[in-house]
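Coordinates in review
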There are 2 protein chains.
Amino acid sequence: MKKQRDKADIVSVARLAGVSAATVSRALNHPQLVHPATRKKIDLAIRKSGYIRNRAAQTIHGRRSATIGLVVPTIADVIFSELIQAFNDAVSARGFTLLLAAHGYDLANEYALVRKLLEHRVDALALIGLDHGADTYRVLREQGLPVLAVWNYDPASMISCLGVDNAEAGRIAADHLLMLGHRRIAAIFPDTGENDRARLRRAAAMAALQAASIQTPEGWRVRTPYSTAQAKRACLDLLAAADRPTALLCGNDVIAQGALYAALKLGLSVPRDLSIIGIGDFVGSAELEPALTTIRIPARRIGAAAAEHLADSVDSEAGQPLARTRFDCELIMRATTAPPPA
Amino acid sequence: MKKQRDKADIVSVARLAGVSAATVSRALNHPQLVHPATRKKIDLAIRKSGYIRNRAAQTIHGRRSATIGLVVPTIADVIFSELIQAFNDAVSARGFTLLLAAHGYDLANEYALVRKLLEHRVDALALIGLDHGADTYRVLREQGLPVLAVWNYDPASMISCLGVDNAEAGRIAADHLLMLGHRRIAAIFPDTGENDRARLRRAAAMAALQAASIQTPEGWRVRTPYSTAQAKRACLDLLAAADRPTALLCGNDVIAQGALYAALKLGLSVPRDLSIIGIGDFVGSAELEPALTTIRIPARRIGAAAAEHLADSVDSEAGQPLARTRFDCELIMRATTAPPPA
DNA sequence: AATAGTCTTGCAAATGTTTTCATGAAAATG
DNA sequence: CATTTTCATGAAAACATTTGCAAGACTATT
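Nothing here was measured: the structure is a model prediction, and the numbers come from that model.

Attention now moves to the protein's contact with DNA strand D. Neighbouring DNA strand D are 24 residues; A:Ile10, A:Ser25, A:Tyr51, B:Thr23 and B:Thr38 lie closest to it. The sugar-phosphate portion of DNA strand D accounts for 67% of its atoms within 4 Å of the protein, the bases making up the rest. Side-chain polar atom of B:Thr38 to a phosphate oxygen of DNA strand D: 2.6 Å apart, as the coordinates give it. Of all the elements in the fold, those that place two or more residues in the surface near DNA strand D are helix H2 (21-29) and helix H4 (55-60) of chain A together with helix H2 (21-29) of chain B. Here the surface near DNA strand D takes four residues from H2(A), the largest share from any one element.

Near DNA strand C there are 26 residues, and of these A:Thr23, A:Thr38, B:Ile10, B:Ser25 and B:Tyr51 occur at the shortest range. Put simply, 66% of the atoms of DNA strand C that lie within 4 Å of the protein are in sugar or phosphate. One nitrogen or oxygen atom from the side chain of A:Thr38 is found 2.4 Å from a phosphate oxygen belonging to DNA strand C. Separating a base oxygen of DNA strand C from a side-chain N or O atom of A:His61 is a distance of 3.4 Å. Elements with a contribution of two residues or more to the surface near DNA strand C: H2 of chain A together with H2 and helix H4 (55-60) of chain B. Of the residues forming the surface near DNA strand C, the biggest block, four residues, is contributed by H2(B). Along the lines of polarity and charge, the residues of the surface near DNA strand C split into ten nonpolar, eleven polar and five charged.

Split into domains, chain A comes out as domain 1 (10-53), domain 2 (67-164 + 299-327) and domain 3 (166-296). The straight-line distance from the C-alpha centre of domain 1 of chain A to that of domain 2 of chain A is 35 Å.

This paragraph deals with the nonpolar core. What tends to happen in soluble globular proteins is that the nonpolar side chains get buried as a cluster. With 160 residues, the main nonpolar core has A:Phe87, A:Leu248, A:Ile276, B:Phe87, B:Leu248 and B:Ile276 as its most contacted residues. Apart from the residues within four sequence positions on either side, B:Phe87 is in contact with B:Ile68, B:Gly69, B:Leu70, B:Leu98, B:Ala126, B:Gly303, B:Ala304, B:Ala306, B:Ala307 and B:Leu310. Of all hydrophobic cores here, the second largest spans 40 residues; its members include A:Leu99, A:Leu125, B:Tyr111 and B:Val122.

Our next topic: the interface of chain A and chain B. How big an interface is tends to be stated in terms of accessible area lost as the parts join. In this complex, chain A contributes 55 residues to the contact, which on the side of chain B involves 55 residues. Overall, the association of chain A and chain B removes approximately 4700 Å² of surface from exposure, summing both partners, and the carbon and sulfur fraction of that is 53%. On the chain A side of the contact with chain B, A:Ile52, A:Glu119 and A:Glu289 bury the most area, a combined 15% of that side's loss. For the interface between chain A and chain B, the tally reads four salt bridges. Across the chain A-chain B interface, the total number found is 31 residue pairs in polar contact (both at pLDDT 80 or more). Mapped onto the side of chain A that touches chain B, the elements with two or more residues apiece are H4, helix H5 (81-93), strand S2 (97-102), helix H6 (107-119), helix H7 (134-143), helix H10 (228-240) and helix H11 (253-265) of chain A. Taken together, the residues that form the side of chain A that touches chain B break down as 25 nonpolar, 17 polar and 13 charged.

Rules behind the numbers
- Residues numbered from 1 in each chain as written.
- Chains lettered and ligands numbered in written order.
- Predicted model: local features only at pLDDT ≥ 70, side-chain atom pairs only at ≥ 80, totals over all residues.
- Heavy atoms only, no water.
- Near = heavy atom within 4 Å.
- Polar contact = N/O pair within 3.5 Å; in protein donor to acceptor, adjacent residues only side chain to side chain.
- Helix = DSSP H or I, 4+ residues; strand = E, 2+ residues; numbered from the N terminus.
- Nonpolar A, V, L, I, M, F, W, Y, C, P; charged D, E, K, R; others polar.
- Domains from an automatic or database assignment.
- Core = buried A, V, L, I, M, F, W, Y, C linked by side-chain atoms within 4.5 Å.
- Buried < 20%, exposed > 50% of the residue type's maximum accessible area, 1.4 Å probe, protein only.
- Contact = heavy atoms within 4.5 Å.
- Buried area = accessible area lost by both parts, 1.4 Å probe.
- Salt bridge = Lys/Arg side-chain N within 4 Å of Asp/Glu carboxyl O.

Below you can see the structure in the form of structure tokens.
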């Protein structure tokens, strides 16, 4: 008489409602196919028994898992947090649940995570950027589920993508500094090995400088991870030198924030003594004192659009064609940039 | 001859390897039970066919889903990001996949999300704090899966919990300001209706002030959401007044950050003219200029410990007893607090 | 009133795995 | 060499659901 694992399943609900399991299933998945009165009885039985349907069972039947995967480099930072939240909200609103994984900027690890998500039979999958292992690309191709590279726009991408042109972002940032009259410009970027976003931004920025016949000394091409703390340290060294740049072009806003703090710590006045520009326009960048000049990447819109795109692909069954969507990025001029000191 | 939905399943792998499906299953789940030679053949067949096991099928069989749910108020902010990352990493290292959901500080929404996670048959579930709807508590009790309230420690909690004593955090913050000699103290907190963390911190801080026979005027009890931007605006009003406090006790670090920016914007010198203390010690708080004095909540340790606890509960099958784990919070004295101006 | 059409429902097969039980082979023991 | 023990494997049942098919109950049409 133990009630032990007395978990209500669909047949116990059916029994309670005096109908067959099939009818309960239909009431849940295709309500228009069952008589309102029966539906009512079933609702009651569900309520009474505390039944919670088992998605695994419907997944196994070949139906969708109602799950969408998102693989990001990191969650511990503010970098992708707006994107993740927007993606999560949109996906949730469409009835899916988010399976999230973070690989810590390690593509080998990313592959493992992607496999894990596929084991759970996600209906669709979003990745950040277009730099992925060959094995990742292969397994995604084999499985043939809707996949989307988010954050980057690349007209030559192998898979659908939706985001901004990172080269453009880098170019705009460089142009802004040039236009203000800066010629002594340092570039602070993370390692660009497995990070196409940083690579494209950096390459475009450097090209723009080169085009203005500016060459930056080796010491002004700083490499630091996406971390405010480490960026601050790196910039302290850079700025303490007698011969320092008049402007800092930062790979993203968390680096820019570190740079700003370093400048403030050294008693430099921003933007009088030093201009700083970031890329991203993350939450909080507008509130910094002085407020950060940056290139806006519309993270919320990208996240929401990505979710919608994938949800549509899943709902429409039909194999969607490759789609590339480009979002504009935009210079947000705030208070950390000005012409160089005379 | 179309290969259409030719997805490899366990029997196709078995056929390819010349063994039975049962053996393939064993090779995957209990490798020690199958002969090394057969294992090799099976590995090869798996490789060759691109087989990816179907977790749904093993979930349905009553085995675990290898999934752990985490429900947080928000991801778009830095507040829980360290916790989420640590939780994710630890859960991942134990072979589980994270199902993440954010409810936006709305307990009704939280209930819906919890149900959704239960539909996916998460093996365990973590929630933030102990304020949850009655329906949430009920459904969790009924389902009887390992559940953990993270972030808060409460000796009277109805479910297992793991975190800090928020009242203590509030008290420490208040005591620190009192010890420095402040008597004109404003408190900036979010709405405490459905947020026990904020409520406990605030109540304890107010009690400490009261005990020192300090009463704060109505206008100094500011209410603002957990948002740097909104906190900054609220503090601008507060600090612009002729009669302003000498210290700001902030509900968490993102509010404190907003407060700091407001002070800087008004040309106040922190900590000479104004002291600011936060709670949380989020990423970036140490790098602010001046660096933020705050009460450290060991988010990474809490996240990792929570994940380990839940993974253990799942692995050990046996119904774990209610467990309450307390983490200490600690005053981190940095550069935003000092004695009040003479 | 007979027939055709529309709703509503139940039966049973199917989904991809895990696991219990049984069986035969190989190894260890006397 | 006979017997017991251990090991490796397969057959089949079980898991919780969805859905194609068919049949029964109504409704509308002649």
